[in-house]
Each structure stands twice: as structure tokens, then as C-alpha cells.
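# Topology and contacts: notes
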Amino acid sequence: MNNLFRSAARCLRSGSAVCVPRQTDGRSQWASVRLLCSAVDLQKNLGEMVKKDKVVVFMKGTPAQPMCGFSNAVVQILRMHGVDNYAAYNVLEDQDLRQGVKDFSNWPTIPQVYFNGEFVGGCDILLQMHQNGDLVEELKKLGIRSAVLDAEKESK
């Protein structure tokens, strides 16, 4: 019920909702109309969020304190490549964001990683890219030199 009120308030603040009073079983339907509005706004906002930074991660917790092993693995892989400057969004703080990002990407799990606004995948895909060397190439396309290359030079 809290999410419903929060969503309705968000739409009211944005001014983008239209109230259509309708009675069904003695209950007003205005809240569900506002929830739909909020979902549309959230999808638009997500589209902007993933394009804001070169690397964006939707995760459980924060890079400093991941709250699940998969989110921690993504943070560690990025750290191993020297990627410290990225946008991270804690989906545990907002259930609308948590479900919204899953709908946005059509991907059922968290964490989710985006490069230049494009969905890359979750923990398993980032790990696979790290293991087969694709991550170094993708970071290069973003203008990010992987620290793994420097580590390889030093070991030779």
C-alpha cells in the first residue's frame, strides 16, 4: 500500500497524471491510474539514468557495501579492471526502481550492468566477459583502459 501512495504522490508532484474518477465496488480507481503514470515516468527516467554515465550498475547495496554476492562480484570485477568511476543505484532502497529496471531491461535479476546506455547483462555475463577478455575490449570502446592490461605487462 505504501508503494501505491508513493507512486501517486510522485505523479502528483510531476503534474503528469490525469485523475479519472471511477467507482468500482465502491472504490475509486484514481490510484491505479497514477500508478500507471508513475511506471511510464520510471521507464523514461531509467532510459536517462543508463545514459548518464559510461558505466551504470543497478545493484543490491552500494559499491562500498554490496548486499549480495552477485552485486559484490560485479563490484570486484569492475575494481579489478580499474573501473572506479561509475554510477551505482541501490535497488534495495526503492522497490519501484527494483522492479522497474527488470521491466526496462527485460532481465529478471539484479545486478544489471549498462555500458553507454546499452544493457550488458548481469553478474554471470560480466564474469564471462572478464574471463574471455571481452570486458577489456568493451571498456576500451568506452575510453577506459583496463587495469588488467597493466597487471599483465608488469608480470612479464
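Check the entry above for the structure.
The sections below set out a description of the structure shown in this document. Residue numbering note: each chain is counted from 1, following its sequence as written. Whole-chain, interface and lining totals are the exception, using all residues; otherwise, since this is a predicted model, local features are given only for residues with pLDDT of at least 70 and side-chain atom pairs are given and counted only at 80 or more. To obtain the side-chain values, all non-hydrogen atoms of the structure were included, while hydrogens and water were left out.

## Comments concerning the overall build of the protein
Strands here mean DSSP runs of E at least two residues long; helices mean DSSP runs of H or I at least four residues long; both are numbered from the N terminus. Scanning the protein for helices and strands turns up seven helices and six strands. Listing every helix and strand of the protein by position from the N terminus yields α-β-β-α-β-α-β-α-β-β-α-α-α. The classification of residues rests on relative accessible area computed with a 1.4 Å probe and restricted to protein chains. Under 20% of the type maximum is buried, over 50% is exposed, and intermediate values are partly exposed. Split into buried and exposed, the 156 residues of the protein put 35% on the buried side. Any two residues having at least one pair of non-hydrogen atoms within 4.5 Å are treated as being in contact. A separation threshold of at least 6 residues defines the contact pool for the protein, and within that pool the share at least 24 residues apart is 59%. Areas reported as accessible are Shrake-Rupley estimates using a 1.4 Å probe. Residue values count occlusion only from the protein chains shown. Summed over its atoms, the accessible surface of the protein is roughly 9,400 Å², and 52% of this surface lies on carbon and sulfur atoms.

## A few points about the packing of aromatic side chains
Between the rings of Phe, Tyr and Trp (Trp by its six-membered ring), a pair exists once the centres lie within 6.5 Å; its type follows the angle of the planes, with under 30 degrees stacked, over 60 edge-to-face, and the other angles tilted. One pass over the full model with this rule turns up five aromatic pairs. Residues Phe58 and Tyr114 carry aromatic rings whose centres are separated by 5.8 Å and whose planes lie at 80° to one another, so their mutual orientation is edge-to-face. Of the two residues, Phe58 is situated in strand 3 (residues 55-59) and Tyr114 in strand 5 (residues 112-115); the sequence distance between them amounts to 56 residues. Chaining the aromatic ring pairs together yields one cluster made of Phe58, Tyr89, Phe104, Trp107, Tyr114 and Phe119.

## Some words on the pattern of salt bridges
When a carboxyl oxygen of Asp or Glu lies within 4 Å of a side-chain nitrogen of Lys or Arg, that pair is called a salt bridge. Taken as a whole, this structure holds two salt bridges when the rule is applied. For Lys141, the salt bridge goes to Glu138, with nearest N and O atoms at 3.0 Å. One end of the pair is Lys141 and the other is Glu138, both in helix 6 (residues 134-141) and three residues apart, which spans about a single turn. We note a salt bridge from Asp150 to Arg145, for which the minimum N-O separation is 2.9 Å. Among the residues examined, Asp150 registers a relative accessible area of 32% and is labelled partly exposed.

## Focus on the sheet that holds strand 3
Adjacent strands of a sheet form backbone hydrogen bonds with each other and so pair up, either parallel or antiparallel. We treat two strands as partners when DSSP finds at least two bridges between them. The strand order 4-3-5-6 describes an open sheet built from four strands, whose pairing is mixed. Bordering the open sheet on either side are strand 4 (87-90) and strand 6 (118-121), each of which pairs with just one other strand. Each neighbouring strand pair of the sheet contributes to a mean axis angle of 25°, computed without reference to strand direction. In this sheet, strand 6 lies alongside strand 5 in antiparallel orientation, the contact comprising three bridges. When the bridges of strand 6 are listed, Tyr114 appears paired with Phe119. Each axis is a line fitted through C-alpha atoms, taken for helices only over the stretch in contact, and angles between the N-to-C directions span 0 to 180 degrees. Across the face of the sheet, helix 3 (residues 69-80) comes into contact with strand 3 and strand 5 while running at roughly 160° to strand 3. The sheet contacts of helix 4 (residues 95-105) involve strand 3, strand 4, strand 5 and strand 6, and relative to strand 5 the element is tilted by about 55°.

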